[in-house]
Structures are given as C-alpha cells and as structure tokens.
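# Per-entry structural report
Spelled out, the chains give:
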Amino acid sequence: MTTVEAPPRSRTARPPKPRPGPTRYVAAAVIAAITYWAASETTGIGLVPQLSEVFVDGLSERTGQIVSDIFNPAFEDAPATGGPFLETLSMAVLGTLMGCFLALLVAFGSSLVTAGGLKRYRFTKGLMSLLRSVPDVLWALLFVAAIGTGALSGVLALVLFNIGVVAKLLSETIDAVDTKALEAADAAGAGLVQRARVAVFPQVLPNYLSFSLYAFELNVRASAILGIVGAGGIGVLLNLARNQFRYDRVSLIVVEIFVFVFLTELVSIALRRRLVR
Amino acid sequence: MITFSDASVTYPGGVKALQHVDLEIGDGQMIVIVGLSGAGKSTLVRAINGLVPLTGGEVTVDGRSVTKSSAKEMRAIRSDVGMIFQGFNLVNRTSVINNVLMGRLYETPTWRTLLGRYPAEDVNFAMECLERVEIVEKAWVRASNLSGGQQQRVGIARALAQRPTIILADEPVASLDPPTSHVVMRDLKRINRELGITVIVNLHFLDLARQYGDRLIGLRDGELVFDGTGDEADEEVFESIYGRSLTADDVLGEPAPGEVA
C-alpha cells in the first residue's frame, strides 16, 4: 500500500485567475464597426444594401437563368476545349521551367550566404521584391500591351511571377543552410560560384524541386485566368463564353479547371512528399 | 614555412582570441597545438588560411602574406593549405567522391564545377586519396551514410586532394570515440611522414598530443605559453598551459592499438 502524501502547502496563496480587462470587448466592437463600415454603402461597395435587395426582392429572372445555366454545364462542348487546355498546360510547363531556372540564379544572389557582397545582395533582393509585388495578371496585362495578345505574353508573365515566388522561398532556404560545408569549400580555395554549386546547391536541391512543383501548381491555376486578359490558354475561351452569356460553357470550363488544378495538386503533393525526405 | 609576427585577433565583442603571437613553423613538421577550449587554438589555425582575419600583426605562408592578400591571392594560398574539421564539414547530400573532389575546386574551371564534370585525372586522384585513408570502397556512397570515423577520413582525403603543402586539423578527433581517434591521428602522422606535408593539429588530450606531436605549442588565453617537444611537455608544463591541475578528462586514456608510427 502506498500512501500519497499531500503536497506541501505553499506559503503564498494561489493567485486568482486574472480577470480579462475591457480591451478585448473594445477590440471586438471596433473590428465589428470596421467590418460594417467596409461593407456598407458609404465605402462604395454597398454589400449591405445589396444583401437586403437579394433577400427582400429575390433573384431576378435573368439571375435565375444564369444560376440555372451554371448548374447545367455544357458537357457536349467539352471536346472543343481540348486545344486551349493543352495551350494552358504548355504555358504552365514553359513558364515553370524558365521561371524556376532564372529563380535559381536570383535566389543565390538574394541570400547573404551566397551573394558574395552586401551590394549584390541588396540589388538582387530589391529586384526580387519588385518582381513579386506585381501580381501575375498585371504582368500579363503589361505583356499583352507591349507585345500583343497570345500565349507568349502569358508565358512571360508566368516566368516573372515564378522568379518572384521561387527565388523568395529558395533564398530563405539558402539562408538556413548548414554553413560547415561552405567553410570547407572556402578553405579549399573555391570561387563564389563554385562554393554555391558544390556546398549549397546539393543541400537545397530537394527544396528547390519542391518549390518548382509548387510554382507549377500556381501556374496551372494562373494560366487558366491569364487568358481573360488575352494572354492565351483556356482563359480566352472562358472570356468568350462569358461575353456571349453562355454561362453553361463558363460552367463547363470552370469545372474543367477545377478538375485540372485538383489533379495537378494531387500529383505535385505526392512528388513533393517524396522529395523532402 | 608559416610565420606569425605579432599576430593578434580580437573578435567583435572584445574577446581577445590571439594576443601578440610570434611563431615559426618549418616545412614537414607535425605540430600539435594544445590548450583549453577558448584558449585560441581554432583561431590560430584559421588565421593560417585566412578563415579568421587578423586584427593585428601578420601571418605568412611560404613567403606570401595571408594578411595582405587580395581575394584572388587568398584563394591561391588556401589551395595549398588543406583543412580538416571537428565536425567533418562534408556535404551530406552528395557522394563521398564528390566531397573529395571539393579539394580540386581551385584548379577546376567554374563551368566544369557547374556541370559537375570533373576531369578524369582529378577523379582518379580523388580515388587515390580515398585509397590512402583506406575508404575507397565508399566512393559512391552518400556522405551522410558514413560513420563519424569514416566521415573524418573522407575529410582527410578531401584535404589531400588539394595536393597541399600544409594540412590544418581543427580538433579532428573531438567528435570521435577513442579507437577511431587513434586511427585518424595515425593517418595524419603517416601523411606527414610519407608525403612530407606540414601537419598542424589542435588537440586537447595531452596523451594524444605527446604521442603524435613532434612539436607542441601551448596556448592560454590567446597567448603562446609553451613551445617545445613532446618529451619536454611533462605534466607540470600541461598544468601551466591549462592553468589548473590535470584531471582524467584531459587524457583520452586509451592506448593506441597496435604499433604506432
């Protein structure tokens, strides 16, 4: 038989649970007020009036037609979407390959570990931030304006967008790399490019491939949309169907994009899991 | 020949790791540097290949100033000085042979490095270096799959691949068990004897230091406090280097298996 001794009574009394101050209620009220303000008519969005319109008046006949079209995709038109879909896929592939290759170079320049000088580091880092601050659709708009509509504009937009994303992720991986091997490369008299290639690249390769696959996922998604601004791919068809008020076709393309993106992600996730092990 | 003249290193933060050291190390010697951790052993060794820059004085290697060298001259000096590390410092995610070939980087054109296409004679020589440390059968194995002792031998092969005139070894056995420590120390001694390479080793075990060093250099608080042969370095000397009486932790304790070179 074992007896459990009561723990020795501590000399100081146990403190009561501190009562929450009024801060959280004030904060909650402020957030609620900001939300209402942002959704109200005064900001120009006018969500609140629109909501009441929908609930009080019900859907208009035209809206009802659109909703019904959307729930009845024009599957019979699916074969016609094959070509543009292939274009979307090749845009994503080309954009990923070129973008990720260039991202590799930019990434080495935007980590202090491999940049070889503060000036170069700051320059490349700035360039990277610039590339990343412009959304892919905006890049596409710029290229469409500069070199005309078509898949080339889309691919270029994806390349720039990818450099921004992959270089950012990869340069942060390089920052965290084990520097012991770098010390060994330095001690052997390696040059800047050599030490990066030999002592850093093998360490970040699995992550790099994983980031590139992620970039491909983003590209598949993005290239479906880029067509709306005229940069080639399935988006062109999507825009056309929308302009013709063929919401059954819009719905078909949306469903196809969904399946396509979903499958790409499945494959990409499976591959990435194998890589980073 | 390596010379230190009035060499000092003060780290940012004010730690004086090396203070006014004057030292000459002739060709072909096997030198052991002893001292407690923090005494400046690593700093002394890293000052030779410029991994740690001096804040005062000068270091020269074979007549070339490490202190005043340009980036290009520094690479040339480093290519003549191999280095072995406490933590092995291998690239874990690549093969043993690729690690050894890192020793050839200075002589290899950058485009070859980028493509990973080393000249055949370099690959051949890297294999010879692996043979010298008796681990050539692991050439195509990933470095991370080797034991600590095996990794350190790859580290030695990498240093040898530089065809160096000097090899620096910073606590090369501190991460190894006693029998393996002797294997590594014997390899270093053999390299010194057979190839005539100057070997400079940091150690903190006094028995290893006495057994393998032709010449012992004692450091305490960044100052040179002893310079003499292993025979001269008795317990009294070590107590003065360490600044305290000796304990069982100061010796590796295990005699070398078999004969010692």
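Check the secondary structure of chain A and you find 12 helices and 0 strands. Seen through its C-alpha atoms, chain A measures out along the principal axes to roughly 75 × 65 × 50 Å. Among the 277 residues that make up chain A, the fraction classed as buried is 41%. Within chain A, residue pairs in contact and separated by at least 24 positions form 75% of the contacts whose partners lie at least 6 positions apart. Total accessible area on chain A is roughly 16600 Å²; 68% of this is exposed by carbon and sulfur atoms. Of the charged side chains in chain A, 24 are positive and 19 negative; the average position of the first set lies 16 Å away from that of the second.

A count of helical and extended segments in chain B gives 9 helices and 10 strands. Against the compact-globule benchmark of 18 Å for 261 residues, chain B has a radius of gyration of 18 Å, which places it among compact chains. Counting only C-alpha atoms and orienting by the principal axes, one finds that chain B spans roughly 55 × 45 × 35 Å. For chain B, the residues scored as buried account for 53% of the 261 residues in total. A sequence separation of at least 24 residues applies to 68% of the contacts in chain B between residues at least 6 apart.

To continue, consider the sheet that holds strand E7 (residues 166–169) of chain B. Residues and elements named next belong to chain B. Overall, mixed pairing links the 6 strands, which are arranged E6-E7-E8-E3-E9-E10 in an open sheet. Each edge of the open sheet is held by one strand with a lone partner, namely strand E6 (81–84) and strand E10 (223–229). The average undirected angle you get between the axes of adjacent strands in this sheet is 20°. Relative to E10, strand E9 (residues 215–220) is paired through 6 bridges, and the arrangement is antiparallel. Counted as the bridge partner of Arg220 is Glu223 from E10.

With that out of the way, let us pick up a nonpolar patch on the surface. The grouping of Phe75, Val255, Phe258, Val259, Phe262, Leu263, Leu266, Val267 and Leu271 of chain A at the surface amounts to a nonpolar patch, some 840 Å² of accessible area in total. Among the secondary structure elements, Leu271 of chain A is positioned in helix H12 (residues 247–275).

Residues and elements named next belong to chain A. Scanning all chains against the criterion turns up 20 salt bridges over all chains. Residues Arg221 and Glu265 are paired through a salt bridge, measuring 2.8 Å at the closest nitrogen-oxygen approach. Separated by 44 residues along the polypeptide, Arg221 in helix H10 (residues 192–226) and Glu265 in helix H12 bring together distant segments of the chain. Owing to a relative accessible area of 36%, Arg221 belongs among the partly exposed residues under this scheme. We classify Glu265 as partly exposed; its relative accessible area is 23%. Taken together, the shared-partner salt bridges in this structure form one network comprising Asp77, Arg246, Asp248 and Arg249.

Counting 129 residues, the largest nonpolar core has Phe4, Val100, Met185, Leu188 and Ile200 of chain B as the members making the most contacts within it. Here this core takes 11 residues from H10 of chain A, the largest share from any one element. If sequence neighbours within four positions are ignored, Phe4 of chain B has contacts with Leu18, Val21, Asp22, Leu23, Leu44, Ala47, Ile48, Glu58 and Val59 of chain B. Core analysis: the second largest hydrophobic core is formed by 14 residues, Ala92, Ile234, Tyr247 and Val261 of chain A among them.

Moving on: unusual backbone geometry. Residue and element names in this part refer to chain B. If you check the backbone angles, Asp6 has positive phi at about 50° while not being a glycine. Here Asp6 lies in strand E1 (residues 2–10). The exposure class of Asp6 is partly exposed, given its relative accessible area of 39%. Even without a glycine there, the phi angle at Glu171 is positive, about 50°.

Moving on, we get to the pairing of strand E4 (residues 56–61) of chain B. Residue and element names in this part refer to chain B. Judged from the 5 bridges that link them, E1 and E4 form a sheet pairing that is antiparallel. Across the sheet, the residue bridging to Thr3 is Thr60, located in E4. Note that E4 and strand E5 (residues 64–65) share 2 bridges and pair antiparallel. The partner of Val61 across the bridge, within E5, is Arg64. Hairpin connection, E4 to E5: the antiparallel pair is bridged by 2 residues, and Asp62 has positive phi, about 50°.

Glancing now at the interface of chain A and chain B. Opposite the 20 residues of chain A that make contact, chain B presents 28 residues. Overall, the association of chain A and chain B removes approximately 2000 Å² of surface from exposure, summing both partners, and the carbon and sulfur fraction of that is 61%. Here chain A and chain B share 1 salt bridge between them. Taking the shortest distance from any N to any O, the salt bridge between Arg46 of chain B and Glu183 of chain A comes out at 2.8 Å. In this assembly, chain A and chain B are joined by 9 residue pairs in polar contact (both at pLDDT 80 or more).

Glancing now at the confidence of the model for chain B. Summing up the model confidence of chain B, the mean pLDDT is 91 and the portion of residues at 70 or higher is 98%. The ipTM, which scores confidence in the relative placement of chains, is 0.90 for this predicted complex, and the corresponding pTM is 0.80.

What counts, and where the lines are drawn
- Residues numbered from 1 in each chain as written.
- Chains lettered and ligands numbered in written order.
- Predicted model: local features only at pLDDT ≥ 70, side-chain atom pairs only at ≥ 80, totals over all residues.
- Heavy atoms only, no water.
- Helix = DSSP H or I, 4+ residues; strand = E, 2+ residues; numbered from the N terminus.
- Buried < 20%, exposed > 50% of the residue type's maximum accessible area, 1.4 Å probe, protein only.
- Contact = heavy atoms within 4.5 Å.
- Areas by Shrake-Rupley, 256 points an atom, 1.4 Å probe, with all protein chains shown as cover.
- Lys, Arg positive; Asp, Glu negative; His and termini not counted.
- Charge placed at Lys NZ, Arg CZ, Asp CG, Glu CD.
- Rg over C-alpha atoms; globule rule 2.2 N^0.38 Å.
- Pairing = 2+ DSSP bridges.
- Axes fitted to C-alpha atoms, helices over the stretch in contact; angles between N-to-C directions.
- Patch = residues over 30% accessible without salt bridge, like charges linked within 9 Å, V, L, I, M, F, W, Y side chains within 5 Å.
- Salt bridge = Lys/Arg side-chain N within 4 Å of Asp/Glu carboxyl O.
- Core = buried A, V, L, I, M, F, W, Y, C linked by side-chain atoms within 4.5 Å.
- Buried area = accessible area lost by both parts, 1.4 Å probe.
- Polar contact = N/O pair within 3.5 Å; in protein donor to acceptor, adjacent residues only side chain to side chain.
- pLDDT = per-residue confidence, 0-100.

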